[in-house]
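Fold and contact review
The primary structure of each chain is shown beneath.
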Protein chains: 2
Amino acid sequence: MIDELLEANERFADSYEGGELEMAPRRRLAVLTCMDARLAPERFLDLVLGEAHVIRNAGGRASDDALRSLVVSTRLLRTREVVVIHHTDCGMMSFDSEEFQQVLREETGADAAGIDFLGFSDLDDSVREDVERITTCTYMDEGISVSGLVYDVATGRLREVDAG
Amino acid sequence: MIDELLEANERFADSYEGGELEMAPRRRLAVLTCMDARLAPERFLDLVLGEAHVIRNAGGRASDDALRSLVVSTRLLRTREVVVIHHTDCGMMSFDSEEFQQVLREETGADAAGIDFLGFSDLDDSVREDVERITTCTYMDEGISVSGLVYDVATGRLREVDAG
């Protein structure tokens, strides 16, 4: 697999034109979304190379680590706007933490009871919860705007989540 | 900004053809890399929609949250290969955690001394460290292959990091 990826990268690098881009995102934007393979945030938001930070994890959740990244993004690299995007048919939505911990216990013998896998049951609520978590994070600048969207994997379309 | 992003998304959705994709990544691959705005992993690896999970945070570090995502990716959605990609000119490389904690104290009044921002000083070492952290994670299947790469933002080129 690595060889295939390196070959594909050769072709990319042959026509690469991003060598002069600056580290700080040009549109001063940070996107937090899910790792899901059906999501390509740069494409569905039409982002050009160098424009935005993209943070991704299982569910697109505002985990402690996502907050670490967002604090670095906003304080150190001067982004001013954060967009949280969860999506339909997310694996973390149908997710039962206790059931999964049981599977891990059986498959690995290790106790995963201490891990919160950050599953959720309502899409709009999970977006609102994470927008709230970022907005109220002690280390975030109050001037940062945080909004929430839902991406529909069936249509490729985004919709805004109201503050509720 | 949100209006601009939603407009751009309208154009994307008008020609979207991913509606039938399955949740499980087709190439059974998970990529862990940095949030940096100059990185577009789907492009530099030539990934097609639906092929791979993409996990991103400040530095592309194997944080606890990245491990949470990788456990979900490998156990629940059957990926079999993990690629860790750090990059040249990373903001987390020149990063001084204590200095940044001091800035946060001054700007917010809150004590960030408890937060490890996961900065690093040597690129190859940080890749090796994270490959090791994933490989030895209790909840990962031993059959998962984990490799490490470095992406050069000046050239768009990847190189392998040897196990050391």
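Computed from a prediction, not measured in an experiment: that's the story for all the values here.

**Details of helix α3 (residues 64-76) of chain B**
Residues and elements named next belong to chain B. Between its first and last C-alpha, α3 extends 17 Å over 13 residues, near the 18 Å set by a 1.5 Å rise per residue. Burial analysis of α3 places 11 of its 13 residues in the buried class, which makes it a mostly covered element. The set of residues buried in α3 consists of Asp-65, Ala-66, Leu-67, Arg-68, Ser-69, Leu-70, Val-71, Val-72, Ser-73, Thr-74 and Arg-75. Of the residues flanking the end of α3, it is Arg-78, one or two places downstream, whose phi is positive at about 65°.

**Some details on the interface of chain B and chain A**
In this complex, chain B contributes 84 residues to the contact, which on the side of chain A involves 84 residues. The junction of chain B with chain A conceals about 7,300 Å² of combined surface from both sides, 61% of it contributed by carbon and sulfur atoms. Area buried by chain B at its contact with chain A is led by Met-35, Arg-43 and Arg-68 of chain B, which between them contribute 10% of it. Our enumeration of links across chain B and chain A arrives at 12 salt bridges. A salt bridge links Glu-42 of chain A to Arg-56 of chain B; the nearest nitrogen and oxygen atoms lie 2.9 Å apart. Our count for the contact surface shared by chain B and chain A stands at 41 residue pairs in polar contact (both at pLDDT 80 or more). Where the side of chain B that touches chain A is concerned, the elements lending two or more residues are α1 (2-14), α2 (41-44), β2 (52-57), α3, β3 (81-87), α4 (97-108), β4 (145-152) and β5 (157-160) of chain B.

**Points about the side chain of His-86 of chain B**
Residue and element names in this part refer to chain B. By the element assignment, His-86 lies in strand β3. Exposure remark for His-86: the relative accessible area of 0% places this residue in the buried category. With residues up to four places along the chain from it excluded, the contact list for His-86 reads Gly-59, Gly-60, Arg-61, Phe-120, Leu-123, Ser-126, Val-127, Asp-130, Leu-149, Val-150 and Tyr-151.

**Considering the packing of aromatic side chains**
Residue and element names in this part refer to chain A. In the structure shown here, the tally under the stated rule is 12 aromatic pairs over all chains. Their ring planes at 50° and their centres at 5.8 Å tell us that Phe-95 and Phe-117 sit as a pair that is tilted. Pair noted here: Phe-95 is in the loop between β3 (81-87) and α4 (97-108) and Phe-117 is in the loop between α4 and α5 (123-135), with a separation of 22 residues, a long-range link. Relative accessible area serves as the criterion here: at 13%, Phe-95 is assigned to the buried category. Judged by its relative accessible area of 1%, Phe-117 falls in the buried class.

**Quick notes on the relation of the copies chain B and chain A**
Rotating chain B by 180° and moving it 0.0 Å along the rotation axis overlays it on chain A with an RMSD of 0.0 Å. Both copies of the chain, as the preceding transformation shows, are related through a two-fold rotation axis. Of the C-alpha atoms belonging to chain B, the one lying closest to the rotation axis is found on Arg-56 of chain B, 2.3 Å away.

**Quick look at the pattern of salt bridges**
According to the stated counting rule, one finds 36 salt bridges over all chains in the structure shown. Here Glu-129 of chain B makes a salt bridge to Arg-61 of chain B, at a shortest N to O gap of 3.1 Å. Taken together, the residues span a long stretch of sequence, with Glu-129 of chain B in helix α5 (residues 123-135) and Arg-61 of chain B in the loop between β2 and α3 at a distance of 68 residues. On the basis of relative accessibility, which here comes to 5%, the residue Arg-61 of chain B falls in the buried class. Through salt bridges that share partners, Glu-4 of chain A together with Arg-26, Arg-27 and Glu-51 of chain B make up one connected network.

**Description of the nonpolar core**
Membership of the largest hydrophobic core comes to 108 residues, with the highest contact counts inside it found for Ile-85, Ile-134 and Tyr-151 of chain A together with Ile-85, Ile-134 and Tyr-151 of chain B. Those residues in contact with Ile-134 of chain A that lie beyond four places of it in its chain are Leu-32, Ala-62, Leu-67, Leu-70, Val-82, Val-84, Met-140 and Val-146 of chain A.

**Concerning the environment of Ile-134 of chain B**
Residue and element names in this part refer to chain B. Along the chain, the position of Ile-134 falls in helix α5. Classification of Ile-134 by relative accessible area gives buried; the value is 0%. Along the backbone, Ile-134 and Ser-145 are 11 residues apart, and their C-alpha atoms lie at a distance of 9.8 Å.

**Section: helix α1 (residues 2-14) of chain A**
Between its terminal C-alpha atoms α1 of chain A stretches 18 Å, which fits the 18 Å expected from 13 residues at 1.5 Å a residue. Inspection of α1 of chain A places Ile-2, Leu-5, Leu-6, Ala-8, Asn-9, Phe-12 and Ala-13 of chain A among the buried residues, and these make up the whole buried set. An end-on view of α1 of chain A places all buried positions within 160° of arc, on one side of the element. In α1 of chain A, the exposed positions that point more than 90 degrees away from the buried face belong to Asp-3, Glu-7, Arg-11 and Asp-14 of chain A. At its buried positions, α1 of chain A is contacted by β1 (29-34), α2, β3, β4 and β5 of chain B.

**What to know about the packing of α4 of chain A against α3 of chain B**
Contact geometry of α4 of chain A with α3 of chain B gives a least axis separation of 12 Å together with a crossing angle of 75°. When the interaxial angle is binned, α4 of chain A and α3 of chain B end up roughly perpendicular. Contact residues: Phe-100, Leu-104, Glu-107 and Thr-108 of chain A in α4 of chain A; Val-71, Val-72, Arg-75 and Leu-76 of chain B in α3 of chain B. Residue classes in the contact of α4 of chain A with α3 of chain B are distributed as five nonpolar, one polar and two charged.

So, how was this worked out
- In this numbering scheme, every chain counts its residues from 1 along its sequence in written order.
- Ligands are numbered from 1 and chains lettered from A, in the order in which they are written.
- It should be noted that, the model being predicted, local features are given only for residues of pLDDT at least 70 and side-chain atom pairs only at 80 or more, the latter also being counted only at that level, while totals for whole chains, interfaces and linings use all residues.
- For side-chain calculations, the full set of non-hydrogen atoms in the structure is used, while hydrogens and water are omitted.
- Secondary structure elements are defined from DSSP: runs of H or I of at least 4 residues count as helices, runs of E of at least 2 residues count as strands, and each element is numbered from the N terminus.
- Given the number of residues in a helix, its expected span is that number minus one, multiplied by 1.5 Å.
- Partly exposed residues are those whose accessible area sits between 20% and 50% of the maximum for their type, while under 20% is buried and over 50% is exposed, using a 1.4 Å probe and protein chains only.
- We call two residues in contact whenever any of their non-hydrogen atoms come within 4.5 Å of each other.
- Buried area: the accessible surface (1.4 Å probe) lost by two parts on joining, summed over both.
- Salt bridge, as applied in this entry: a Lys or Arg side-chain nitrogen positioned within 4 Å of an Asp or Glu carboxyl oxygen.
- The definition of a polar contact used here is a pair of N or O atoms within 3.5 Å, where within protein one atom must be able to donate a hydrogen and the other to accept one, and adjacent residues in sequence count solely through side-chain atom pairs.
- Aromatic pairing here means that ring centres of Phe, Tyr or Trp (its six-membered ring) are within 6.5 Å. Orientation follows from the plane angle: under 30 degrees is stacked, over 60 is edge-to-face, and everything else is tilted.
- What sets the superposition is a least-squares fit of C-alpha atoms, and only residues with pLDDT of at least 70 in both copies go into it.
- For this analysis, a nonpolar core means a set of buried residues of the types Ala, Val, Leu, Ile, Met, Phe, Trp, Tyr and Cys, connected via side-chain atoms within 4.5 Å.
- Each direction from the helix axis to a C-beta atom contributes to the arc, which is the arc of those directions.
- For helices, the fitted axis covers only the stretch in contact; all axes are lines through C-alpha atoms, and the angles between them, taken along N-to-C directions, range from 0 to 180 degrees.
- For this classification, under 35 degrees means roughly parallel, over 145 means roughly antiparallel, 65 to 115 means roughly perpendicular, and everything else is oblique.
- Each residue is assigned to one of three groups, with Ala, Val, Leu, Ile, Met, Phe, Trp, Tyr, Cys and Pro labelled nonpolar, Asp, Glu, Lys and Arg labelled charged, and all others, Gly among them, labelled polar.

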